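A look at the structure
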Amino acid sequence: MKPNSLPSTVVLSSAIVGVVYKRQAFNNMFTIKKSKDASDYLRSVIDTNILDLQEHFWAIYLTNANRVLAFAEIAKGGVTSVTVDKKNIFQLALLVNATAIIVAHNHPSGTLKVSSADKAITKKLCSAGEIMDIKVLDHIIITSEDYVSLADENLM
């Protein structure tokens, strides 16, 4: 396969971080204009069968025009929580030249109630993003049935 025909791929392990990146054709890039778009995009790239099993944390990396550059699963947790390494989120953002990110996680319980831990990680990510000029646009919580946006709820 020729280097310029490779898809966006992010490899993250404890010892190696590498990126092979070729932006999709501009007109083929998914654009996120509102929280519903982010929820729809997430459901198109994740295995929705895992939403009721254990918590997962994801990041969507965006251009300045809110077009999707890349998507990554950041962490997998247990039934009630997931530990998020903020450095991994921003490391990948820098590697793909993202100017904005949307983070998301699921609640296996099915509740869309925003917890104090959800608010705390969102605040930390927004603060870190400000330092690097990478805007955290939203934090989406999804369940099998629906989603809630912290931005829509004015919690960011």
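Attention in this report is confined to the structure presented alongside it.

Calculation rules
- Residues numbered from 1 in each chain as written.
- Predicted model: local features only at pLDDT ≥ 70, side-chain atom pairs only at ≥ 80, totals over all residues.
- Heavy atoms only, no water.
- Helix = DSSP H or I, 4+ residues; strand = E, 2+ residues; numbered from the N terminus.
- Buried < 20%, exposed > 50% of the residue type's maximum accessible area, 1.4 Å probe, protein only.
- Polar contact = N/O pair within 3.5 Å; in protein donor to acceptor, adjacent residues only side chain to side chain.
- Contact = heavy atoms within 4.5 Å.
- Pairing = 2+ DSSP bridges.
- Right-handed = clockwise from strand over helix to strand, strands pointing away.
- Salt bridge = Lys/Arg side-chain N within 4 Å of Asp/Glu carboxyl O.
- Phe/Tyr/Trp six-rings, centres within 6.5 Å; stacked < 30°, edge-to-face > 60°.
- Axes fitted to C-alpha atoms, helices over the stretch in contact; angles between N-to-C directions.

1. Examining the side chain of Thr-122
Positionally, Thr-122 belongs in helix 3 (residues 116–132). For Thr-122, a relative accessible area of 2% gives the class buried. In terms of polar contacts, Thr-122 uses its side chain to reach the side chain of His-139, at 2.6 Å. Those residues in contact with Thr-122, other than ones at most four positions away along the chain, are His-139, Leu-150 and Met-156.

2. Concerning the pairing of strand 5 (residues 100–106)
Burial within strand 5 is extensive, with 7 of its 7 residues counted as buried. Inspection of the sheet shows strand 3 (residues 56–62) paired to strand 5 by 6 bridges, in the antiparallel sense. Across the sheet, the residue bridging to Ala-59 is Val-103, located in strand 5. With 7 bridges connecting them, strand 5 and strand 6 (residues 135–142) associate as parallel partners. When the sheet's bridge partners are listed, Ile-101 is paired in strand 6 with Val-136. Following the chain from strand 5 across helix 3 to the adjacent parallel strand 6, one finds a crossover that is right-handed.

3. Examining the pattern of salt bridges
Across all of its chains, the model carries 2 salt bridges by this definition. As a salt-bridge pair, Asp-40 and Lys-36 come within 2.8 Å of each other at their nearest N and O atoms. Placement of the pair is Asp-40 and Lys-36 together in helix 1 (residues 35–45), with a separation of 4 residues, close to one helical turn. Overall, the relative accessible area of 34% leaves Asp-40 in the partly exposed class. Notably, a salt bridge pairs Lys-87 with Asp-85, separated by 3.8 Å at the nearest N-O pair. For Lys-87, a relative accessible area of 63% translates into the label exposed.

4. Description of the packing of aromatic side chains
Considering all chains together, one arrives at 2 aromatic pairs under this definition. Relative to Tyr-41, the ring of Phe-30 lies with its centre 5.2 Å away and its plane at 45°, an arrangement referred to as tilted. Residue Phe-30 is found in the loop between strand 2 (17–20) and helix 1, and its partner Tyr-41 is found in helix 1; the two are separated by 11 residues along the sequence. The exposure class of Phe-30 is partly exposed, given its relative accessible area of 34%. Here the aromatic rings of Tyr-41 and Phe-71 are separated by 6.3 Å at their centres, their planes lie at 70°, and the arrangement is edge-to-face. Of this pair, Tyr-41 sits in helix 1 while Phe-71 sits in strand 4 (residues 68–76); the two residues are 30 residues apart in sequence, bridging distant segments of the chain. Through pairs of rings, three or more aromatic residues link up here, namely Phe-30, Tyr-41 and Phe-71.

5. Brief notes about the sheet that holds strand 3
On the basis of which strands lie adjacent, the open sheet formed by 5 strands has the order 4-3-5-6-7 and mixed pairing. With one partner strand each, in any of the chains shown, strand 4 and strand 7 (147–149) form the two edges of the open sheet. Across the sheet, the mean angle from the axis of one strand to that of its neighbour is 20°, orientation sign disregarded. Sheet analysis places strand 6 next to strand 7, joined by 3 bridges and oriented antiparallel.

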